[in-house]
Amino acid sequence: MWMDRVPQAKHDLIQITTQTGKQFKATPYHMILVGDTFTQMRHVKVGDELLLTDNGEQLHKEKVNSIAEIHDGIGVFAPLSYEGTIIVDGVAASCYAFSHRLGQIVFAPMKLMSRLGVVSGKADGMHWYARMLVDAVEALSMKDVLLR
């Protein structure tokens, strides 16, 4: 299921290259596992250790060797798994762009509705439930607090 999926959207990305040359791109607000903490891409530093997998099964740590900004990125993809975590291009990541724990709480109803077959999302665009949460955060002027 998708919280947001816009394959043609243009935006800034951050590209991380690890010590073995593995590359990973995501928006500045996507969260990846750095050490044992989910961290937004914009806060990752050279020397940080990411959790990676080469075969989809065994996880290992690898240090960040370089970080680059990409200003012509295309595609926004925000899947939602029941666990709230995913592997993207071999990198352990959170499904959320803010606190992983808070994401698990606020998206629990969407996951439950999906399991019960009550709700489904559009193929492209932001899911109505995710849009409702974004609108609520913006209405309450909490965006800066959540995206720190």
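Definitions and limits used
Residues numbered from 1 in each chain as written. Predicted model: local features only at pLDDT ≥ 70, side-chain atom pairs only at ≥ 80, totals over all residues. Heavy atoms only, no water. Helix = DSSP H or I, 4+ residues; strand = E, 2+ residues; numbered from the N terminus. Rg over C-alpha atoms; globule rule 2.2 N^0.38 Å. Contact = heavy atoms within 4.5 Å. Areas by Shrake-Rupley, 256 points an atom, 1.4 Å probe, with all protein chains shown as cover. Lys, Arg positive; Asp, Glu negative; His and termini not counted. Charge placed at Lys NZ, Arg CZ, Asp CG, Glu CD. Core = buried A, V, L, I, M, F, W, Y, C linked by side-chain atoms within 4.5 Å. Buried < 20%, exposed > 50% of the residue type's maximum accessible area, 1.4 Å probe, protein only. Polar contact = N/O pair within 3.5 Å; in protein donor to acceptor, adjacent residues only side chain to side chain. Salt bridge = Lys/Arg side-chain N within 4 Å of Asp/Glu carboxyl O.

S.K.: Which parts of the structure should I look at to understand the overall build of the protein?
M.R.: When its secondary structure is counted, the protein shows four helices and nine strands. Mapped from its N terminus to its C terminus, the protein presents α and β elements in the order β-β-β-β-β-β-β-β-α-α-β-α-α. Taking 148 residues into account, the globule formula puts the C-alpha radius of gyration at 15 Å, and the protein, at 16 Å, falls close to it. Intrachain contacts of the protein at a sequence separation of at least 6 include 54% that bridge at least 24 residues. A total accessible area of about 8,700 Å² is found for the protein, and carbon and sulfur atoms account for 55% of it. Here the protein contributes 15 positive and 16 negative side-chain charges, whose respective centroids are spaced 4 Å apart.

S.K.: Explanation requested: the nonpolar core in the structure shown.
M.R.: One recurring pattern in soluble globular proteins is that nonpolar side chains are buried together. With 24 residues, the main nonpolar core has Met3, Ile16, Ile32, Leu50 and Phe107 as its most contacted residues. Of all the secondary-structure elements, those providing two or more residues to this core are strand S1 (2-18), strand S2 (23-26), strand S3 (31-34), strand S5 (49-53), strand S6 (59-79), strand S8 (91-94) and helix H3 (128-139). In this view, Ile32 contacts Ile16, Phe24, Thr37, Phe38, Thr39, Met41, Val44, Leu50, Val91, Ala92 and Ala93; residues no more than four positions away in its chain are not counted.

S.K.: Is there a simple way to explain the environment of Asp4 in this structure?
M.R.: By secondary structure assignment, the location of Asp4 is in strand S1. Taking relative accessible area as the criterion, Asp4 reaches 15% and is therefore assigned buried. Along the backbone, Asp4 and His100 are 96 residues apart, and their C-alpha atoms lie at a distance of 17 Å. For Asp4, the residues in contact, after removing those within four places along its chain, are Val76, Phe77, Ala78, Gly125 and Met126. A distance of 3.4 Å separates a polar side-chain atom of Asp4 from the backbone nitrogen of Met126.

S.K.: Could you clarify how one ought to interpret unusual backbone geometry in this entry?
M.R.: With the exception of glycine, the majority of residues adopt a negative phi angle, and the majority of peptide bonds are in the trans configuration. Phi is positive for Asp89, close to 50°, though the residue is something other than glycine. Tracing the chain through its elements places Asp89 in the loop between strand S7 (85-88) and S8.

S.K.: I tried to follow the pattern of salt bridges on my own but got confused; where do I start?
M.R.: If the charged atoms of two oppositely charged side chains come close together, the side chains can form a pair. One pass over the full model with this rule turns up one salt bridge. Across the pair Asp135 and Arg131 runs a salt bridge, and its minimum N-O distance is 3.2 Å. Within this pair, Asp135 and its partner Arg131 are both found in helix H3, separated by four residues, close to a single helical turn.

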